[in-house]
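The chain contents come next:
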Amino acid sequence: MSYFYKIARKANHVRRLHTVRVIHEETVGEHTANIIAAVMEFTHFKPSANLLMSAAMHDLPEVYTGDVPANVKKEYPAVKEALDRAESDWLKRMEFPNIFLKLTNEERLILKFCDAFDLLQKCLIETAMGNSTILPITKRINGYVMQIVDAMDDNNRKTAQSWMLALNEDLI
């Protein structure tokens, strides 16, 4: 059994959204499975190897750093910079490739979109189950998703916009 597999299994114990009350707890491992599925579908089941590996590894360093809320990283750029350095250093120590460096700009946007879209969907599901405490995060992440969509090329923007419309329709 590989060391990578053992580390990846630890992601099943790192909680997401740990700073707010949620009805259903979600782990980084669950989220990673969602991102892999989203990347597969977004790319019509033809992602590059780098994009698929990045989807699988995008939050793996959080078994070391924990899942620091995005708003903290945004409001304190020095924290984000330190976390980015810590995650990069951890990947090197674990001898895992920093595959993110090999992504094209559009692949980075696809990964960011799928990551943010999954959080938005999680927030909307929580809201539908009656959790109004998650609404501030829902509003922030919706704006962030739209910024990513606006930065995409025309083809990927259309796909992302159709996902956003479908998400809204699913909740009606």
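Observations concerning the confidence of the model for the protein
- With 97% of its residues at a pLDDT of at least 70, the protein reaches an overall mean of 93.
- Here helix 1 (residues 3-10) is the element of the protein with the lowest mean pLDDT, 88, and helix 2 (residues 28-42) is the one with the highest, 97.

Observations regarding the pattern of salt bridges
- A complete count under the given rule lists seven salt bridges for this structure.
- Across the salt bridge formed by Arg-16 and Asp-59, the nearest N and O atoms sit 4.0 Å from each other. On the criterion of sequence distance, the pair formed by Arg-16 in the loop between helix 1 and helix 2 and Asp-59 in the loop between helix 3 (49-57) and helix 4 (62-65) is long-range, its members being 43 residues apart. You'll find Arg-16 and Asp-59 in the same group, each marked buried.
- Put simply, Arg-16, Glu-26 and Asp-59 are held in one network by salt bridges that share partners.

A look at the environment of Thr-133
- Position of Thr-133 among the secondary structure elements: in the loop between helix 7 (105-128) and helix 8 (135-151).
- Given the relative accessible area of 46%, Thr-133 is considered partly exposed.
- Sequence separation of Thr-133 and His-13 is 120 residues, and the distance between their C-alpha atoms is 23 Å.
- Of the polar contacts made by the side chain of Thr-133, one reaches the backbone oxygen of Arg-21; its length is 3.4 Å.
- At 2.4 Å, the side chain of Thr-133 and the side chain of Asn-131 are in polar contact.

Structural notes on the side chain of Glu-106
- Within the secondary structure layout, Glu-106 lies in helix 7.
- In this structure, Glu-106 is buried with no salt-bridge partner, the nearest side chain bearing the opposite charge being Arg-157 at 7.4 Å.
- The contacts of Glu-106, once residues within four sequence positions are left out, are Met-152, Asp-153 and Asn-156.

Let's talk about a nonpolar patch on the surface
- Taken together, the side chains of Ile-23, Ile-125 and Met-129 define a hydrophobic patch exposed on the protein surface, amounting to about 270 Å² of accessible area.
- For Ile-125, the location among the structural elements is in helix 7.

Things to note about the packing of helix 3 against helix 7
- Two numbers describe how helix 3 lies on helix 7: the axes approach to 10 Å, and their chain directions differ by 35 degrees. The handedness of the crossing between helix 3 and helix 7 comes out as right-handed. Residue-level inspection shows Leu-51, Ser-54 and Ala-55 of helix 3 in contact with helix 7, the latter providing Glu-107, Ile-110 and Leu-111.
- Considered class by class, the residues forming the contact of helix 3 with helix 7 number four nonpolar, one polar and one charged.

What about unusual backbone geometry?
- For Leu-17, which is not glycine, the phi dihedral falls at a positive 50 degrees.
- Relative to the helices and strands, Leu-17 resides in the loop between helix 1 and helix 2.
- Leu-17 sits in the buried class, given a relative accessible area of 14%.

A closer look at the nonpolar core
- Counting residues in each nonpolar core, the largest one holds 31 residues, and the members touching the most others are Phe-42, Phe-113, Cys-114, Val-145 and Met-152.
- Counting residues per element, the ones that place at least two in this core are helix 2, helix 3, helix 7, helix 8 and helix 9 (154-171).
- Residues contacting Met-152, with those up to four places away along its chain left out, are Phe-42, Glu-106, Leu-109, Ile-110, Phe-113, Arg-157 and Ala-160.

Side note on the environment of Ser-2
- Along the polypeptide, Ser-2 turns up in the segment before helix 1.
- The partly exposed category is assigned to Ser-2, whose relative accessible area is 38%.
- Residues Ser-2 and Met-57 lie 55 residues apart in sequence; the distance between their C-alpha atoms is 15 Å.

Cut-offs applied
- Residues numbered from 1 in each chain as written.
- Predicted model: local features only at pLDDT ≥ 70, side-chain atom pairs only at ≥ 80, totals over all residues.
- Heavy atoms only, no water.
- pLDDT = per-residue confidence, 0-100.
- Helix = DSSP H or I, 4+ residues; strand = E, 2+ residues; numbered from the N terminus.
- Salt bridge = Lys/Arg side-chain N within 4 Å of Asp/Glu carboxyl O.
- Buried < 20%, exposed > 50% of the residue type's maximum accessible area, 1.4 Å probe, protein only.
- Polar contact = N/O pair within 3.5 Å; in protein donor to acceptor, adjacent residues only side chain to side chain.
- Lys, Arg positive; Asp, Glu negative; His and termini not counted.
- Contact = heavy atoms within 4.5 Å.
- Patch = residues over 30% accessible without salt bridge, like charges linked within 9 Å, V, L, I, M, F, W, Y side chains within 5 Å.
- Areas by Shrake-Rupley, 256 points an atom, 1.4 Å probe, with all protein chains shown as cover.
- Axes fitted to C-alpha atoms, helices over the stretch in contact; angles between N-to-C directions.
- Left-handed = near helix turned anticlockwise from the far one by under 90°.
- Nonpolar A, V, L, I, M, F, W, Y, C, P; charged D, E, K, R; others polar.
- Core = buried A, V, L, I, M, F, W, Y, C linked by side-chain atoms within 4.5 Å.

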